[in-house]
Amino acid sequence: MLDVTVIESAAAAEASLDPVRSRLLAELATPGSATALAARVGLPRQLVNYHLRTLERHGLVELVEERRRGNMTERVMQATAASYVISPAALAAVEPDPERSPDRLSAFWMLALAARLVRDVGTLLVGARRAGRRVATFALDGEVRFASAADRAAFAEELSHAVAGLVAKYHDDAAPGGRAHRIVVAIHPSVPAATDLAALETPELTEES
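Some thoughts on the layout of surface pockets
Part 1: Roughly 270 Å³ of volume is contained in the second largest pocket.
Part 2: Around the second largest pocket, the lining comprises 16 residues; the ones closest to its centre are Thr 5, Val 6, Gly 59, Val 126 and Arg 129.
Part 3: Per-element tally for the lining of the second largest pocket: the top contributor is helix α5 (residues 107-131), with 5 residues.
Part 4: Of the residues belonging to the lining of the second largest pocket, the class tally is 7 nonpolar, 6 polar and 3 charged.

Rendered as structure tokens:
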């Protein structure tokens, strides 16, 4: 079982979003048969079997074992991943495009960048798994508390200059065998675990004039 799988097919995304199938995917973090699942989710075995066949057809669950039970064969299934992320590629016609209106201060542009990040990394993972290789990636995750909007703006400006300096230092258009890598650096107010919409309206988190 993989840690995360990116769903790129619209049909697979639709299958995974069905409430019953989503529940079955969660239950199949550990292997189970249709009979065992039916008892846990309170549905007829035949209906559970139907949903499992659909999930299997889209590569979201897989057969791990077959057991003989009297005159029948019991199929034991497991989810192909512990977690699933739906790529914007599944909605290609309305996929957000960061190039449409680039604005470093726009939350919508940040979402478009994040969507592209999911799409691109998902595509890389699919190719890497087929080739039996790993994807060379690196990510930073942290948190900073600003005293004011002015400090936040100054931080963003310094960060921009620092990244631009590193790019200028290491970018080499003429390097034989070189490979281009995309850089995304994002900073946004931290959202509390139990999201309180009123908290997001506090002066600390809103723009100042």
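Some words on the packing of helix α3 (residues 34-41) against helix α4 (residues 45-57)
Part 1: With their axes 9 Å apart at the nearest point, α3 and α4 run at an angle of 110 degrees to one another. With respect to each other, α3 and α4 are oriented roughly perpendicular. For α3 against α4, the interelement crossing comes out right-handed. Counted together, Ala 34, Thr 35, Leu 37, Ala 38 and Val 41 of α3 and Arg 45, Val 48, Asn 49 and Leu 52 of α4 form the full contact between these two elements.
Part 2: For the contact of α3 with α4, the residue count by class is 6 nonpolar, 2 polar and 1 charged.

Some points on the environment of Ile 7
Part 1: The topology assignment puts Ile 7 in strand β1 (residues 2-7).
Part 2: Considering only alpha carbons, one finds Ile 7 and Val 126, 119 residues apart in sequence, at a separation of 9.9 Å.

Some remarks on the pairing of strand β3 (residues 61-69)
Within a regular strand, side chains alternate between the sheet's two faces.
Part 1: Pairing of β3 with strand β4 (residues 72-79) involves 8 bridges; the strand directions are antiparallel. Within β4, the position partnered with Arg 67 by the bridge is Glu 74.
Part 2: Taken together, β3 and the strand that follows it, β4, pair antiparallel across an intervening segment of 2 residues, in which Gly 70 is found at a positive phi of about 65 degrees.

Section: the pattern of salt bridges
Part 1: As enumerated under the stated definition, the model contains 9 salt bridges in all.
Part 2: Between Asp 120 and Arg 182 there is a salt bridge whose closest N-O contact spans 3.9 Å. With Asp 120 in helix α5 and Arg 182 in the segment after α6 (149-170), the pair connects residues that are 62 residues apart, well separated along the chain.
Part 3: Asp 120 sits in the partly exposed class, given a relative accessible area of 24%.
Part 4: Residue class for Arg 182 comes out exposed when judged on its relative accessible area of 55%.
Part 5: Beyond isolated ion pairs, a larger network of salt bridges with shared partners links Glu 95, Arg 119, Asp 120 and Arg 182.

Looking at a nonpolar patch on the surface
Part 1: Taken together, the side chains of Leu 117, Val 121, Leu 124 and Val 184 make up a nonpolar region of the molecular surface, amounting to roughly 270 Å² of accessible area.
Part 2: Mapped onto the fold, Val 121 is located in helix α5.
Part 3: Residue Val 121 is classed as partly exposed on the basis of its relative accessible area, which comes to 30%.

A few points about the packing of helix α2 (residues 19-27) against α4
Part 1: One can describe the packing of α2 onto α4 by two numbers: an axis separation of 10 Å at closest approach and a directional angle of 80 degrees. Judged on the interaxial angle alone, α4 and α2 are roughly perpendicular. Residues Val 20, Arg 21, Leu 24 and Leu 25 of α2 lie in contact with α4, whose contacting residues are Val 48, Tyr 50, His 51, Leu 52, Thr 54 and Leu 55.
Part 2: Looking at the contact of α2 with α4 residue by residue, the class counts come to 7 nonpolar, 2 polar and 1 charged.

Calculation rules
Here the residue numbers are simple positions, counted from 1 along each chain's written sequence. Thresholds applied to this predicted model are a pLDDT of at least 70 for local features of residues and 80 or more for the giving and counting of side-chain atom pairs; totals over whole chains, interfaces and linings are not thresholded and use all residues. Computation of side-chain values: all heavy atoms of the structure, hydrogens and water removed. Definitions used for this entry: grid spacing 1 Å over protein atoms alone; cavity, a set of points where a 1.4 Å probe fits but cannot get out; pocket, an open set with protein on both sides within 12 Å along at least 5 of 7 lines; lining residue, one with an atom within 4 Å of a point. Grid points are joined across faces, edges and corners, and a volume is the space filled by probe spheres set on the points. Helix and strand definitions here come from DSSP, where helices need a minimum of 4 consecutive H or I residues and strands a minimum of 2 consecutive E residues; each element is numbered from the N-terminal end. All residues other than Ala, Val, Leu, Ile, Met, Phe, Trp, Tyr, Cys, Pro, Asp, Glu, Lys and Arg, Gly among them, are scored as polar; the first ten of these are nonpolar and the last four charged. To get an axis, a line is fitted to the C-alpha atoms, and for a helix only the part in contact is used. The angle between two axes follows their N-to-C directions and goes from 0 to 180 degrees. The scheme is simple: roughly parallel for angles under 35 degrees, roughly antiparallel for over 145, roughly perpendicular for 65 to 115, oblique for anything else. For any helix crossing, the convention is left-handed if the near helix is rotated counterclockwise from the far helix by under a right angle, and right-handed if that rotation is clockwise. Any two residues whose heavy atoms approach within 4.5 Å at even a single point are treated as in contact. By the convention used here, strands pair only if DSSP detects at least 2 bridges between them. Salt bridges, as used here, are contacts in which a Lys or Arg side-chain nitrogen is within 4 Å of a carboxyl oxygen on Asp or Glu. Exposure is judged per residue with a 1.4 Å probe applied to protein chains only, and the accessible area is read against the type maximum: over 50% gives exposed, under 20% gives buried, and values in between give partly exposed. Patches in this entry comprise residues that are over 30% relatively accessible and not in a salt bridge; like charges within 9 Å are linked, as are nonpolar side chains (Val, Leu, Ile, Met, Phe, Trp, Tyr) within 5 Å. Reported accessibility uses the Shrake-Rupley method at a 1.4 Å probe radius. Residues are deemed covered only where the shown protein chains occlude them.

In short, shape yes, function no, at least from these values alone.
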